[in-house]
Amino acid sequence: MRTYNVAVVGATGAVGEELFRILEEQKFPIKTLLPLASERSAGSEIEFKGESVKVVKLTEDVFEKYEIDIAFFSAGGSVSAQFAPFAAEAGAVVIDNTSHFRMDSDIPLVVPECNPEDISQWKSRGIIANPNCSTIQMVQVLKPLDDAFGIKRVDVSTYQAVSGAGKRGMEELVYQMQEFFAFRLGDVKPEKFPHQIALNLIPHIDVFLENDYTKEEMKMVKETQKILHKNVEVSATCVRVPVLRSHSEAITIHFEKDVDAAKAREILSSAPSVVVVDEPSAKKYPMPLIATDTDYTYVGRIRNDNFQGNILHLWCVADQIRVGAATNAVRIAQKWIELEGSN
């Protein structure tokens, strides 16, 4: 089997750290591993396969110097904008986890369970975009249902964990909870979030746009349409919740024809990377606790609408650092290897 020189940009961040775990778990065919980060983090070490690997400073020529074949980017949109083109020019396929390239018409936006055929477009600019975390878990559920019944409209409310805001988001929730139990929470000022996140919900993720939706909400609209290759109507309300890890979503789906919940449950049970947990009488349904640290999207509370036969309601949960970022990126790379190996 061919092996590859692999670089990870943003090696010391939350998604970067998860990428190393998944690459090791999946026994990814790595020849050499190159952790890359800013000058501040260069020289530190990461653990991979029981060994310490030194983090190297990210520069424009580092990809050519180390003959990188696959470059995972997860260090913010401005970093991808500056350095991803240099990686592509050096001959690497870039798998970018930021929003910077997602809506470019000549860059594929890929969830391998939904649109693996789009990976073939990577040669246009040498870049494959990884969708938003909330979009990934949702389209994994929507795609098989769309194939079976035809989707007209989706209304989704998300319940997004603080880890979606990175390490600082998790640290802020933990710190505020510590201060709450020490009866000092009233003295704490929020830093990462616009308001106190402990014991609170914040219906505000990313910046507000002119249409009064947030950028996060519009990502879900546009990315879903691009991945499914159809102008399905999507409306999203994205909420930050005081959960450390794993995003939850309440989804209402309008179909072109009547749909049966039992049939939908059967279809989703056979869908790739989806696990149905739907026994309400036994109090079994998806929750962040069961999704965290796994590579599956869990679906439950699947039920017909009380009034219209073409509407279905369901609930899904996935670990957004893995399924919504690192796992999807590795799956893209695995599919890219599969497709390139057949050419």
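Just above, that's the structure.
As the structure is a prediction and not an experimental result, all values here were calculated from the model.

**Some words on the overall build of the protein**
Consideration 1: Along the backbone of the protein there are nine helices and 14 strands.
Consideration 2: Taken over C-alpha atoms, the radius of gyration comes to 20 Å for the protein, in line with the 20 Å a tight globule of 343 residues would show.
Consideration 3: Taking the principal axes of the C-alpha coordinates as reference, the protein spans close to 60 × 60 × 40 Å.
Consideration 4: Taking the contacts inside the protein whose residues are at least 6 apart along the sequence as the reference set, 67% of them involve residues at least 24 apart.
Consideration 5: Summing over all exposed atoms, the protein offers an accessible surface of approximately 15700 Å²; the carbon and sulfur share of this is 49%.
Consideration 6: Positive and negative side-chain charges of the protein, numbering 37 and 48 respectively, have mean locations separated by a distance of 2 Å.

**A word on the layout of surface pockets**
Consideration 1: There is about 1300 Å³ of room inside the largest pocket.
Consideration 2: Around the largest pocket, the lining comprises 44 residues; the ones closest to its centre are Ser-74, Gly-76, Gly-164, Ala-165 and Gly-166.
Consideration 3: Ranked by the residues each element gives to the lining of the largest pocket, the list is headed by helix 3 (residues 77–89), at three residues.
Consideration 4: Split by residue class, the lining of the largest pocket holds 16 nonpolar, 19 polar and nine charged.
Consideration 5: By volume, the second largest pocket amounts to about 160 Å³.
Consideration 6: Lining the second largest pocket, in full, are Ser-99, Arg-102, Met-103, Leu-209, Lys-215, Met-218, Lys-219, Lys-222 and Glu-223.
Consideration 7: Each residue belonging to the lining of the second largest pocket can be placed in one class, and the counts come to three nonpolar, one polar and five charged.

**Things to note about the sheet that holds strand 10 (residues 233–240)**
Consideration 1: Read from one edge of the open sheet, six strands run 10-9-11-14-13-12, paired in mixed fashion. The open sheet has two edge strands, strand 10 and strand 12 (274–276), and neither has a second partner. Each strand axis lies, on average, 20° off the axis of its neighbour in the sheet, ignoring direction.
Consideration 2: Sheet topology places strand 13 (residues 297–304) next to strand 14 (residues 311–318); six bridges connect them, and they run antiparallel. Bridge pairing in strand 14 links Asn-304 to Leu-312.
Consideration 3: On top of the sheet, helix 4 (residues 133–149) reaches strand 9 (151–160), strand 10, strand 11 (247–255), strand 12, strand 13 and strand 14; it is set at about 30° to strand 11, its chief contact.

**Re the pairing of strand 6 (residues 70–73)**
Consideration 1: Side chains Ile-70 and Phe-72 project from strand 6 onto one buried face, and the interleaved Ala-71 and Phe-73 project onto a second face that is buried too.
Consideration 2: As paired elements, strand 1 (residues 4–9) and strand 6 share four bridges and run parallel to each other. Following the sheet pairing, Val-6 is matched in strand 6 by Ile-70.
Consideration 3: Looking at chain direction, strand 6 and strand 7 (residues 93–96) are connected through four bridges and run parallel. Paired with Ile-70 across the strands is Val-93, a residue of strand 7.
Consideration 4: Between the parallel pair strand 6 and strand 7, the chain is carried across by helix 3, and the sense of this crossover is right-handed.

**A word on a negative patch on the surface**
Consideration 1: A cluster of acidic residues, Glu-60, Asp-61, Glu-64 and Glu-67, forms a negative patch on the protein surface.
Consideration 2: Here Glu-67 is to be found in the loop between helix 2 (62–65) and strand 6.

**Some thoughts on the side chain of Thr-252**
Consideration 1: Within the secondary structure, Thr-252 is located in strand 11.
Consideration 2: In terms of polar contacts, Thr-252 uses its side chain to reach the side chain of His-313, at 2.8 Å.
Consideration 3: What Thr-252 contacts, discounting residues up to four positions off in sequence, is Arg-153, Val-154, Asp-155, Ile-311, Leu-312 and His-313.

**Quick word on the side chain of Thr-214**
Consideration 1: Considering the arrangement of structural elements, one finds Thr-214 in the loop between helix 5 (167–181) and helix 6 (215–228).
Consideration 2: Residue class for Thr-214 comes out buried when judged on its relative accessible area of 0%.
Consideration 3: Within the structure, Thr-214 has its side chain in polar contact with the backbone oxygen of Ile-205 (distance 3.2 Å).
Consideration 4: Ignoring sequence-local partners within four residues, the contact set of Thr-214 consists of His-204, Ile-205, Asp-206, Val-207, Phe-208 and Leu-209.

**Concerning unusual backbone geometry**
Consideration 1: Non-glycine residue Lys-27 carries a positive phi angle of around 50°.
Consideration 2: Positive phi, normally seen in glycine, also occurs at Arg-301, with a value near 50°.
Consideration 3: Tracing the backbone through its elements, the reader meets Arg-301 in strand 13.
Consideration 4: Using a relative accessible area of 37% as the deciding quantity, one classes Arg-301 as partly exposed.

**A few points about the nonpolar core**
Consideration 1: If you look at the biggest cluster of nonpolar residues, it comprises 34 residues, and the most contacted ones within it are Phe-28, Ile-70, Phe-72 and Trp-336.
Consideration 2: Of all the elements in the fold, those that place two or more residues in this core are strand 1, helix 1 (14–25), strand 2 (30–37), strand 3 (45–48), strand 6, strand 7 and helix 9 (322–341).
Consideration 3: Among the elements that make up this core, the one with the highest residue count is helix 9 (eight residues).
Consideration 4: In this structure Phe-72 touches Val-6, Ala-7, Val-8, Val-9, Leu-19, Leu-23, Ile-95, Ala-329, Val-330 and Ala-333, once residues within four positions along its chain are discounted.
Consideration 5: Judged by nonpolar contacts, the second largest core, of 32 residues, contains Val-141, Val-154, Ala-236 and Ile-251.

Rules and cut-offs
For every chain, the first residue of its written sequence is number 1, and the numbers climb from 1 along that sequence. Totals for whole chains, interfaces and linings use all residues, but because this is a predicted model, local features are given only for residues with pLDDT of at least 70 and pairs of side-chain atoms are given and counted only at 80 or more. Calculation of side-chain values draws on the structure's entire complement of heavy atoms; hydrogens and water are dropped beforehand. Each helix corresponds to a stretch of at least 4 residues labelled H or I by DSSP, and each strand to a stretch of at least 2 residues labelled E; elements are numbered beginning at the N terminus. Computation of the radius of gyration draws on C-alpha atoms, with the globule rule given as 2.2 Å multiplied by the number of residues to the power 0.38. We call two residues in contact whenever any of their non-hydrogen atoms come within 4.5 Å of each other. Here the open area of atoms and residues is found with the Shrake-Rupley method and a 1.4 Å probe, where only the protein chains shown may cover a residue. Neither His nor the chain ends contribute to the count of charged residues, in which Lys and Arg are positive and Asp and Glu negative. Charge coordinates come from a single atom per side chain, which is NZ of Lys, CZ of Arg, CG of Asp or CD of Glu. A pocket, in this scheme, is an open set of points on a 1 Å grid over the protein atoms alone with protein on both sides within 12 Å along at least 5 of 7 lines, while a cavity is a set where a 1.4 Å probe fits but cannot get out; residues line either one if an atom lies within 4 Å of a point. Grid points are joined across faces, edges and corners, and a volume is the space filled by probe spheres set on the points. We call Asp, Glu, Lys and Arg charged. Ala, Val, Leu, Ile, Met, Phe, Trp, Tyr, Cys and Pro are nonpolar, and the rest, Gly among them, are polar. Strands are treated as partners if at least two bridges between them are detected by DSSP. Each axis is a line fitted through C-alpha atoms, and for a helix only the stretch in contact is used; angles between axes span 0 to 180 degrees, taken between their N-to-C directions. Each residue is placed in one exposure class: buried if its accessible area under a 1.4 Å probe, protein chains only, is under 20% of its type's maximum, exposed if it is over 50%, and partly exposed if it falls in between. When the strands point away from the viewer and the connection leading from the first strand across the helix to the second strand turns clockwise, the crossover is called right-handed. The patches described consist of residues with a relative accessible area above 30% and no salt bridge, like charges being joined within 9 Å and nonpolar side chains (Val, Leu, Ile, Met, Phe, Trp, Tyr) within 5 Å. For salt bridges, the criterion is a side-chain nitrogen of Lys or Arg within 4 Å of an Asp or Glu carboxyl oxygen. We call two N or O atoms a polar contact when they sit within 3.5 Å, provided that within protein one can donate a hydrogen and the other can accept it, with sequence-adjacent residues counted only if both atoms are side-chain atoms. Side-chain atoms within 4.5 Å link the members of a nonpolar core, which is a set of buried Ala, Val, Leu, Ile, Met, Phe, Trp, Tyr and Cys residues.

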